[in-house]
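Chains, contacts and geometry: an overview
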Amino acid sequence: MKLAKDLQPILLQLADAERRAGQPTQISPEQEELNKLIKERARMSDAAGSAQLAVDDMELEILRIQEDERKLKKRELDDKRQLGAETDPQRRKDLEHDRYAAKSRIADLLSELKEAHNEIAALRNNRDVHGARLDELDRKIEVAKRDVEAVPEVEEQDPAQLRAQLPADAVEAYDDQGAAAFTQGRTCNSCFIQLTGAERDEVANTPEDELPTCPNCGVLLVR
């Protein structure tokens, strides 16, 4: 099929434009990396929230223990003061028993408080680790956003406009056969089969204003 040399690349542009139109929108590797980081940050944010909640709960537990200890110490002191003035044997016995129970419970609370302080130290460290990871992800996301912004936009060509630049017979032949590049003068870029020496010679000897066809798949070859 005859077609001016300067119009032949338009066939490849048309084939590429129609191929792109039939495919889902391609996501650049830079955008994929940004999407991955954003998802990872969302998961890390949830984990960081849980870590902070654990710290908050333990802080409340420590406050409860300290408040119980304060009340028990006050009770123990009240018992002690009453014992100094109490003369009734039964009443003194009851006060002594209550004072002992208070002191025993205070000892238990001090043990619980020590364990709680040890646990909250680990919980705070875990929270800080999650916070540091979030900060690191935020930095990576900012870098990834700049990478996405730096990706040049691919100008999508309108197949209808490309068709309008070609003669009607060329468009008809393209619709019937398709078009592909003749890569490095030896391979059809449609079926990706390397032509034999004789086939390559035949393609090479075709006049420049004519489009040869692939002997294997029949597409128009643009040299």
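In what follows, the structure referred to is the one given above.
So, here is what we can say about the structure in this document. (Residues numbered from 1 in each chain as written. Predicted model: local features only at pLDDT ≥ 70, side-chain atom pairs only at ≥ 80, totals over all residues. Heavy atoms only, no water.)

**Let's talk about the pattern of salt bridges**
Under the convention used in this document: The term salt bridge refers to a side-chain nitrogen of Lys or Arg lying within 4 Å of a carboxyl oxygen of Asp or Glu. Each helix is a run of DSSP H or I of at least 4 residues and each strand a run of E of at least 2, with the numbering of both proceeding from the N terminus. Categorising residues by exposure relies on relative accessible area from a 1.4 Å probe, with only protein chains included: less than 20% of the type maximum marks a residue as buried, more than 50% marks it as exposed, and the intermediate range marks it as partly exposed.
One pass over the structure, following the stated rule, counts 21 salt bridges. A salt bridge links Asp16 to Arg19; the nearest nitrogen and oxygen atoms lie 2.4 Å apart. Of this pair, Asp16 and Arg19 both sit in helix α1 (residues 8-21), three residues apart, which is roughly one turn of that helix. Classification of Asp16 as partly exposed rests on a relative accessible area of 29%. A salt bridge links Arg105 to Glu112, with the nearest nitrogen and oxygen atoms 3.2 Å apart. The exposure class assigned to Arg105 is partly exposed, which follows from its relative accessible area of 31%. Look at the salt bridges and you will find they share partners, linking Glu61, Arg64, Asp68, Arg105 and Glu112 into a network.

**A short note on the nonpolar core**
This is how it is decided: Joining through side-chain atoms within 4.5 Å is the link that ties buried Ala, Val, Leu, Ile, Met, Phe, Trp, Tyr and Cys residues into a set, and such a set is a nonpolar core. We call two residues in contact whenever any of their non-hydrogen atoms come within 4.5 Å of each other.
Counting residues in hydrophobic clusters, the biggest one holds 16 residues, and the most contacted among them are Leu3, Leu11, Leu166, Tyr174, Leu211 and Leu220. Every element with two or more residues in this core is listed here: α1, α5 (168-177) and β3 (220-222). Broken down by element, the residue count for this core peaks at five residues, all from α1. In contact with Leu220, not counting residues within four places along its chain, are Leu11, Ala173, Tyr174, Gln177, Gly178, Ala179, Ala180, Leu211, Pro212 and Thr213. Formed by twelve residues, the second largest nonpolar core is a distinct cluster that contains Ile65, Leu72, Leu109 and Ala116.

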